[in-house]
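Now for the letters of each chain:
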Amino acid sequence: MNGLELIKQAFALQPVGRIPWVPFVGVHGGYLISTDAETYLKSAEKITAGISKAIELYRPDGIPVVFDLQVEAEVLGCDIRWSEAGPPAVVSHPLAEGKSLKDLTIPGPDDGRLAVCLQAARSLREKYPDIALYGLITGPFTLALHLLGTDIFIKMFEAPKEIHAIMDFCSRTAQKIADYYMQAGCDVVALVDPMTSQIDRQTFDTFVKPYVTPVFEQVRQNNKLSSFFVCGHAQQNIEAMCDCKPDNISIDENIPLDFVKEIALEKGISFGGNMKLTVVLLMGSEEDCREHALECLDLGGNTGFILAPGCDLPRETPSKNLITVANLLNDPYQQEIVRTLEKKESTLEIFNMKDYGQADKVIVDIVTLDSESCAPCQYMVEAVKRVAPYFEGVVEWREHAIKKMEEVSFMSSLMVKNIPTICIDGKIAFVSKIPPEKVLVAAIQQRINEKLKLKIKSKKSEIILLGKDDEKFQELKERVNRAQTELGKDLEVKIITDQKNLASYGVVQLPAVVSVHYKIKSEGLVPSTEVIKEWLKEL
């Protein structure tokens with residue numbers, strides 16, 4: 001049985017003798033032929049050569065032609081910024097910058113880089129008739145966000161008719177491009193809509209479901225297969241995705257595979273994923289890849305499951321790791337050996353973060369896959385960048401792209417489980433949700449206020465040590481210093497040994513400790529006399 005037949009069997013929920021394997025090779029194809037991302041994604045010949053090399057090395061059952069969610073946006077007038085290591089990023093939004101829907105035209109098959117993608121699809125179809133080719137389309141919601149920017153999250157509530165009109169245009173665009181890919185010979189049309197991870201079920205049902213369902217129906221009418229890709233913490237929308245009637249859903253490591261399996265099979269839909277992109281495939285050893293791949297195989301089972309990375313492979317993913325996965329998949333004996341081996345303990349370093357966030361500035365950390373290649377990550381970073389100037393000199397922000405092991409350690413040390421996530425002074429604030437500007441500003445301002453109050457208290461509070469300069473008093477001073485060190489406190493400590501001053505405190509036995517603690521009782525108002533009297537009674 002060839003790869004295409006195996007994919008069809010899995011999509012039809014028929015038990016398979018071997019679980020199919022679909023490595024999501026995007027700009028990694030350029031890496032295989034020593035070509036940078038921009039050159040690769042602008043050339044049908046380079047794409048064909050890169051995917052051909054991936055097929056030779058990784059023995060896939062299916063493979064995407066191109067993994068680039070900016071193709072349609074670029075044709076429709078979005079400016080893009082290129083990167084050597086990943087697909088481009090959208091940096092302008094026509095519908096937020098003076099253009100209207102009537103100024104936009106659904107792309108034709110010869111427009112922009114869409115023509116490059118379709119030519120590569122035709123070449124690969126001719127060269128590999130027995131492999132399932134995936135034609136990837138930017139999902140309507142993600143395309144709408146590219147066109148309008150993050151204003152879409154506010155306008156869904158303030159101007160729903162406008163958003164429905166934009167979504168309708170993006171849906172019709174997706175249907176047209178689905179036609180182009182099917183005509184070019186693709187077997188599977190995959191709608192990739194990562195920004196749906198940012199919305200709740202009700203919003204999904206209102207603004208996404210009516211516009212993606214027709215795309216899947218159209219693919220079905222053409223006797224082709226469809227898949228619905230999502231990344232990020234989209235657990236709340238898995239059932240809603242299934243209700244849109246694709247043949248398959250594909251998820252990343254943010255969502256438990258067994259959770260998706262239960263819902264998908266109950267809905268009669270196949271499912272795929274969710275190998276860890278960075279910690280395992282990019283930075284892990286071959287042993288890590290074998291263990292993790294087997295874990296996914298055992299969780300997914302042999303009915304309806306497609307083994308795949310969680311998303312587009314990082315460009316410099318080591319080929320040996322992907323070859324290791326392919327070898328394991330094709331060798332049941334090796335699978336049994338790996339099952340019997342003792343799992344190695346994690347060597348991930350965990351930092352001591354108990355005092356994180358004690359600096360004068362408020363630190364905003366954004367934990368991402370990589371804002372240059374992940375749309376939700378990009379828009380979350382942009383949200384922080386947009387508000388940072390409001391707090392110049394007070395707030396410092398940093399992106400932690402988990403493509404390096406030290407950033408993975410940082411993520412784990414902050415107890416971050418999902419990507420992207422915003423932390424404010426080491427505390428998780430926004431998980432896989434891009435906060436509206438006012439909400440983000442309020443969250444940062446709240447932390448600034450908290451910090452200011454803590455700073456005032458820290459400056460005003462003090463410890464007074466009373467005693468004679470003897471061994472007992474020396475021991476007391478050492479213990480106070482030790483206590484401050486272990487708590488990370490820096491209070492002023494006054495030492496009083498003069499007999500006249502000691503007497504003024506009315507202390508009978510020495511040594512003695514007096515703590516002085518100042519409290520802010522009011523801010524921005526004039527309290528009544530009665531209230532002030534109550535405060536005085538406490539003293």
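Residues numbered from 1 in each chain as written. Predicted model: local features only at pLDDT ≥ 70, side-chain atom pairs only at ≥ 80, totals over all residues. Heavy atoms only, no water.

### Topic: the side chain of Ser 432
Mapped onto the elements, Ser 432 comes out in the loop between strand S13 (427–431) and helix H20 (437–460). With relative accessibility at 0%, the residue Ser 432 sits in the buried group. Not counting residues within four places of it along the chain, the set of residues in contact with Ser 432 comprises Ser 197, Gln 198, Gly 232, His 233, Met 380, Ile 419, Pro 420 and Thr 421. (Helix = DSSP H or I, 4+ residues; strand = E, 2+ residues; numbered from the N terminus. Buried < 20%, exposed > 50% of the residue type's maximum accessible area, 1.4 Å probe, protein only. Contact = heavy atoms within 4.5 Å.)

### Focus on the packing of aromatic side chains
A full pass over the atoms with the stated rule returns 8 aromatic pairs. Aromatic side chains Phe 271 and Phe 305 sit 5.3 Å apart centroid to centroid with 35 degrees between the ring planes, which places their arrangement in the tilted category. Pair noted here: Phe 271 is in strand S8 (residues 270–275) and Phe 305 is in strand S9 (residues 305–309), with a separation of 34 residues, a long-range link. By relative accessible area, which is 0% here, Phe 271 ends up buried. (Phe/Tyr/Trp six-rings, centres within 6.5 Å; stacked < 30°, edge-to-face > 60°.)

### Digging into the environment of Ile 55
Mapped onto the elements of the fold, Ile 55 is located in helix H4 (residues 44–58). Residue Ile 55 is classed as buried on the basis of its relative accessible area, which comes to 9%. Taking the C-alpha atoms as reference points, Ile 55 and Pro 23, separated by 32 residues in sequence, lie 9.4 Å from one another. Beyond its immediate stretch of four places on either side in the chain, Ile 55 contacts Pro 60, Ile 63, Tyr 128 and Ile 131.

### What about the domain arrangement of the protein chain?
Put simply, an interface is often sized by how much accessible area is lost when its parts join up. Taken domain by domain, the protein chain comprises domain 1 (3–330), domain 2 (348–443) and domain 3 (462–538). Between the C-alpha centres of domain 1 and domain 2 the distance comes to 26 Å. In this complex, domain 1 contributes 26 residues to the contact, which on the side of domain 2 involves 20 residues. Here domain 1 packs against domain 2, burying approximately 2100 Å² in sum over the two surfaces, 59% of which is carbon and sulfur. In this assembly, domain 1 and domain 2 are joined by 0 salt bridges. Our enumeration of links across domain 1 and domain 2 arrives at 11 residue pairs in polar contact (both at pLDDT 80 or more). Of all the secondary structure elements, the ones that give two or more residues to the side of domain 1 that touches domain 2 are strand S3 (89–90), helix H7 (140–148) and helix H14 (277–282). (Domains from an automatic or database assignment. Buried area = accessible area lost by both parts, 1.4 Å probe. Salt bridge = Lys/Arg side-chain N within 4 Å of Asp/Glu carboxyl O. Polar contact = N/O pair within 3.5 Å; in protein donor to acceptor, adjacent residues only side chain to side chain.)

### With respect to the sheet that holds strand S16 (residues 512–516)
Reading across the sheet, the 3 strands line up as S15-S14-S16 and stay open at both edges, with mixed pairing between neighbours. Edge strands, defined here as strands with exactly one partner in the open sheet, are strand S15 (492–496) and S16. Direction aside, the axes of adjacent strands within the sheet are offset by 20 degrees on average. Pairing of strand S14 (residues 462–466) with S15 involves 5 bridges; the strand directions are parallel. The residue of S15 that forms the bridge with Ile 463 is Val 493. (Pairing = 2+ DSSP bridges. Axes fitted to C-alpha atoms, helices over the stretch in contact; angles between N-to-C directions.)

### A word on the pairing of strand S4 (residues 132–138)
A regular strand places its side chains so that they alternate between the two faces of the sheet. Of all 7 residues in S4, 7 are buried; the element is thus mostly enclosed. Here S4 shows two buried faces, one formed by Ala 132, Tyr 134, Leu 136 and Thr 138 and the other by Leu 133, Gly 135 and Ile 137. Bridge analysis of strand S1 (residues 62–64) against S4 gives 3 bridges, and the strand direction is parallel. Bridge pairing links Pro 64 to Tyr 134 in S4. When S4 meets strand S5 (residues 188–192), the two strands line up parallel, connected through 5 bridges. Within S5, the position partnered with Leu 136 by the bridge is Ala 190.

### As for the nonpolar core
Where a protein is soluble and globular, its nonpolar side chains tend to be buried together. Formed by 158 residues in total, the largest nonpolar core has its most connected members in Tyr 134, Ile 249 and Leu 307. Per element, the largest residue contribution to this core is 11 residues, and it comes from helix H9 (residues 160–183). Inspection of this core shows a minimum of three residues originating in each of domain 1 (3–330) and domain 2 (348–443). In contact with Ile 249, not counting residues within four places along its chain, are Ser 227, Phe 228, Ile 238, Met 241, Cys 242, Val 260, Ala 264, Ile 269, Ser 270, Phe 271 and Gly 272. (Core = buried A, V, L, I, M, F, W, Y, C linked by side-chain atoms within 4.5 Å.)

### Remarks on a nonpolar patch on the surface
Taken together, the side chains of Tyr 333, Ile 337 and Leu 341 present a nonpolar region at the surface, about 330 Å² in accessible area. Summarising the element assignment, Tyr 333 is placed in helix H17 (residues 332–340). By relative accessible area, which is 62% here, Tyr 333 ends up exposed. (Patch = residues over 30% accessible without salt bridge, like charges linked within 9 Å, V, L, I, M, F, W, Y side chains within 5 Å. Areas by Shrake-Rupley, 256 points an atom, 1.4 Å probe, with all protein chains shown as cover.)

### Quick look at the pattern of salt bridges
Tallying each qualifying case throughout the model produces 22 salt bridges. When the shortest N-O distance is used, the salt bridge between Arg 18 and Asp 61 registers 2.7 Å. Here the residue Arg 18 occupies a position in the loop between helix H1 (3–11) and helix H2 (28–32), and Asp 61 occupies one in the loop between H4 and S1, the gap between them amounting to 43 residues. Taking relative accessible area as the criterion, Arg 18 reaches 23% and is therefore assigned partly exposed. With its nearest N and O atoms 3.5 Å apart, the salt bridge here joins Glu 437 to Arg 386. Remark: Arg 386 occurs in helix H18 (residues 375–387) and Glu 437 occurs in helix H20; sequence separation between them is 51 residues. Taking relative accessible area as the criterion, Glu 437 reaches 30% and is therefore assigned partly exposed. Judged by relative accessible area, which is 34%, Arg 386 ranks as partly exposed. Within this structure, Arg 201, Asp 205, Glu 239, Asp 243 and Lys 267 form a network of salt bridges that share partners.

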